[in-house]
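Architecture at a glance
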Amino acid sequence: MPAPPMRPLSRGLISTTAILAAGLSGVYLKTGSLRPTTLMPLMRAYSTQPTLPFTYRLAAAASSKRTPPRTPKAGIDYWTYTSTHVGSTPPYVRSTKPNSGEDAFFMATVGGSQHHVAFGLADGVGGWQDQGVDPSDFSHGLCGIMAGSAYLHEGVQEGKIPKPKDLLQTAYDAVIANPRIQAGGSTASLGVLDGDGELEVANLGDSGYLILSPGKVAACSEPQTHAFNTPYQLSKIPARMRVQQSIFGSSATFSETPAQADVTHHKIAHGDIVIFATDGVLDNLSASDILATVTKVMEDAGYWSRSSEKSGAETKLDAALVREIPVIVTKESRDSYLPGLVARAIMTEAKSAGLDSKRNGPFAKEVKKAYPHENWQGGKEDDIAVVVAIAVKDGPLGKERPIKAKL
C-alpha cells in the first residue's frame, strides 16, 4: 500500500494573501512592504446588510496527540469567534502548530460581512514523516491562506460569495508555489455560510462534517479514500521523489487536486450546529457518538429539551435562548460560550476514546473489515481538530414555532 502523503504550511509567499496568512496572531502589514510587521493592522470595514437574517457564532478546539488529557484552556486548547464582532483583532482565527499538531483549522468572516463566514480544517498526512517532511507545514499553511483569502474577499455586497472549492484552490496553489514548503500533503474540509443560511461544503479526504438539528444528525459527509487508511489528499511532491519513484519503481504518492473535492449544499436553520472534524475525531467517534456528546451539552445548558425520557420523544429548541448567544465573546463569557462548550466536549470525548484500549470506535471496526485477522482493539490516538458554527437567525421571535425533531 502506498504511504499516505502529508500537509504543508505557507510561509514567505510573495503575495499579499500569503503574507497575511503567515501571521500567527493577526493580519499586519507595513505600508509599502511585503513583509509582515506589527505596525499597521489591516482591517476591512464590516458590512451589516440588515436584510440578511443569519449571523454565526463559532469556536474551535484542538489537541496534539502528544498533549496529555487536561482541562481545556482558552487560546491553547480552544478558540472562540463570532461573525458579529466588528473590529476584532485579529480579524480571523487560524491554528498554530504547537497547539494542534498536524491538524489545522480556520474561522473567518467573508469580506468582513457579519452574515458570511468561511471555516474548516485540514489534516496533514503523517506518512510524509518517513520522507523527513513535517506534515503540519502543509495543513497549517493551507488554513492560514484560506482564512486570509476569505477575509479579504471583495464583492460580498454585490452577491459575489466565494466557493469553498475556490478558497481551497487558491490556498493549494499558494502552497505549491511556496519554495519554503518543499513537500507534504493534507486532506481538507471547509464550508461557506451565507446570510440566508445556505451552506456550501467542499470535502476532500477523510476529514468531514456533520450538521446537527435538535436531537438528530441532519447530514454528514462520506470519506473519500483510495483504500483503508489512505485518504484522498492534496500533495506537493518534489521532483527528486518523482525521479526516485520512476527509477526504483516504488509506489506512486497519491496526489489529488481541489477539483476532486466533494461539493454539497445544505439549508441551515436557526440553532443548527455545523461541525467540521479531522479523522482524530471521526476515527474514534461515530455520528451517533457525536450527537450524544452534543446533546448532553445542549440539554445541560437548556438549549435543547425533550418532552419525556421515552424513546422517540421530541427534542425542542429554545429559539429565544439561541438568540442570546453573545455577539462578542469576552473573557467573562468565554467559558460558557455555547460553540466553545460544544467544540471542547467533542474534542475531549474524541481524546478519551482515542486513548481507550477497550473502546472500539469507527477505526477499529474498519480495521476488522479490511484485515479480519488483525487483532486491533480500542481507539486510535491521533491529532484532533474540530470547528463548530451555530446559526443565529436575527430579528423578533414573532409567532415562530419551536423547532422539533424525533430521536
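Criteria and cut-off values
- Residues numbered from 1 in each chain as written.
- Predicted model: local features only at pLDDT ≥ 70, side-chain atom pairs only at ≥ 80, totals over all residues.
- Heavy atoms only, no water.
- Buried < 20%, exposed > 50% of the residue type's maximum accessible area, 1.4 Å probe, protein only.
- Helix = DSSP H or I, 4+ residues; strand = E, 2+ residues; numbered from the N terminus.
- Pairing = 2+ DSSP bridges.
- Contact = heavy atoms within 4.5 Å.
- Core = buried A, V, L, I, M, F, W, Y, C linked by side-chain atoms within 4.5 Å.
- pLDDT = per-residue confidence, 0-100.
- Polar contact = N/O pair within 3.5 Å; in protein donor to acceptor, adjacent residues only side chain to side chain.
- 1 Å grid on protein atoms, 1.4 Å probe; cavity = no way out; pocket = protein on both sides within 12 Å on 5 of 7 lines; lining within 4 Å.
- Points joined across faces, edges and corners; volume = space filled by probe spheres on them.
- Nonpolar A, V, L, I, M, F, W, Y, C, P; charged D, E, K, R; others polar.
- Axes fitted to C-alpha atoms, helices over the stretch in contact; angles between N-to-C directions.

So, about the pairing of strand β7 (residues 198–204). Summarising burial for β7: six of the seven residues are buried, a large majority. Relative to β7, strand β6 (residues 184–193) runs antiparallel, the two being bridged by six bridges. Across the sheet, Ser189 pairs through a bridge with Asn203, a residue of β7. The antiparallel pairing of β6 with β7 creates a hairpin that spans four residues between the two strands, and Gly197 there sits at a positive phi of about 80°. In the sheet, β7 pairs with strand β13 (residues 262–267) via six bridges, with the strands oriented antiparallel. Within β13, the residue paired with Asn203 across the bridge is Asp262.

Another aspect to go through is the side chain of Asp279. With respect to the secondary-structure elements, Asp279 resides in helix α6 (residues 279–282). Not counting the four nearest positions on each side in its chain, Asp279 is found in contact with Asp123, Asp206, Ser207, Asn284, Lys380 and Asp382.

Nonpolar side chains in soluble globular proteins generally cluster together in the buried interior. Met107, Phe119 and Leu142 are the most contacted members of the largest nonpolar core, which totals 56 residues. Among the elements that take part in this core, helix α3 (residues 136–151) stands out by supplying eight residues, more than any other. Listed in part, the 35 residues of the second largest apolar core include Ala59, Leu285, Val342 and Ile390.

On average, residues of the protein carry a pLDDT of 85, and 81% of them reach 70 or more. When pLDDT is averaged over each helix and strand of the protein, the minimum, 40, is found for helix α1 (residues 16–22) and the maximum, 99, for strand β14 (residues 273–277). Scored below 50 in pLDDT, residues 1–42 shows 139 contacts in the model against residues more than four places distant or in partner chains. Between residues 397–407, whose pLDDT stays under 50, and residues either more than four places distant or in other chains, the model counts 29 contacts.

A few words on the pairing of strand β8 (residues 208–213). Most of β8 sits out of view: six of its six residues are buried. The two faces of β8 match: Gly208, Leu210 and Leu212 on one face and Tyr209, Ile211 and Ser213 on the other face are all buried. Here five bridges tie β8 to β14, and the two strands are oriented antiparallel to one another. Counted as the bridge partner of Leu210 is Ile275 from β14.

Let us look at the environment of Thr84. With respect to the element layout, Thr84 can be found in the loop between β2 (78–82) and β3 (92–94). Take Thr84: its relative accessible area is 11%, and that puts it in the buried class. Considered as a pair, Thr84 and Gly112 are 28 residues apart in the sequence and their alpha carbons are 9.6 Å apart. Once you skip the residues sitting within four places of it in the chain, Thr84 turns out to touch Thr55, Arg57, Gln114 and Val327. Within the structure, Thr84 has its side chain in polar contact with the backbone oxygen of Val327 (distance 2.7 Å).

In total, this model carries one cavity of 30 Å³ or more according to the counting rule given. Of the pockets and cavities examined, the largest cavity occupies roughly 50 Å³. For the largest cavity, the full set of lining residues is Gly280, Asn284, Ala350, Lys351, Gly354, Leu355, Lys380, Glu381, Asp382 and Ile384. With four residues, helix α9 (residues 338–355) is the largest single contributor of residues to the lining of the largest cavity. Residues of the lining of the largest cavity, tallied by class, amount to three nonpolar, three polar and four charged.

Here the focus is the layout of surface pockets. Left-over empty space is what a probe sized like a water molecule reveals as it rolls over the atoms. Computed from the structure, the largest pocket encloses a volume of approximately 620 Å³. As for the largest pocket, its lining consists of 25 residues, and the residues nearest its centre are Pro223, Leu282, Asp283, Pro362 and Glu366. Elements supplying a minimum of two residues to the lining of the largest pocket: β8, β10 (225–227), α6, α7 (287–300) and α10 (362–370). Here the element with the most residues in the lining of the largest pocket is α10; it accounts for five residues. A class-by-class count of the residues in the lining of the largest pocket yields 12 nonpolar, six polar and seven charged.

Further remarks concern the sheet that holds strand β17 (residues 384–393). Pairing is antiparallel in the open sheet, where six strands are placed in the order β2-β1-β17-β14-β8-β9. The outermost strands of the open sheet, each flanked by one partner alone, are β2 and β9 (216–220). Strand-to-strand twist in this sheet, taken as the mean axis angle between neighbours without regard to direction, amounts to 20°. Strand direction decides the pairing type here: strand β1 (residues 54–63) and β2, joined by five bridges, are antiparallel. Within β2, the position partnered with Ala60 by the bridge is Trp79. Here α9 sits on the sheet in contact with β1, β2, β14 and β17, set at roughly 30° to β1.

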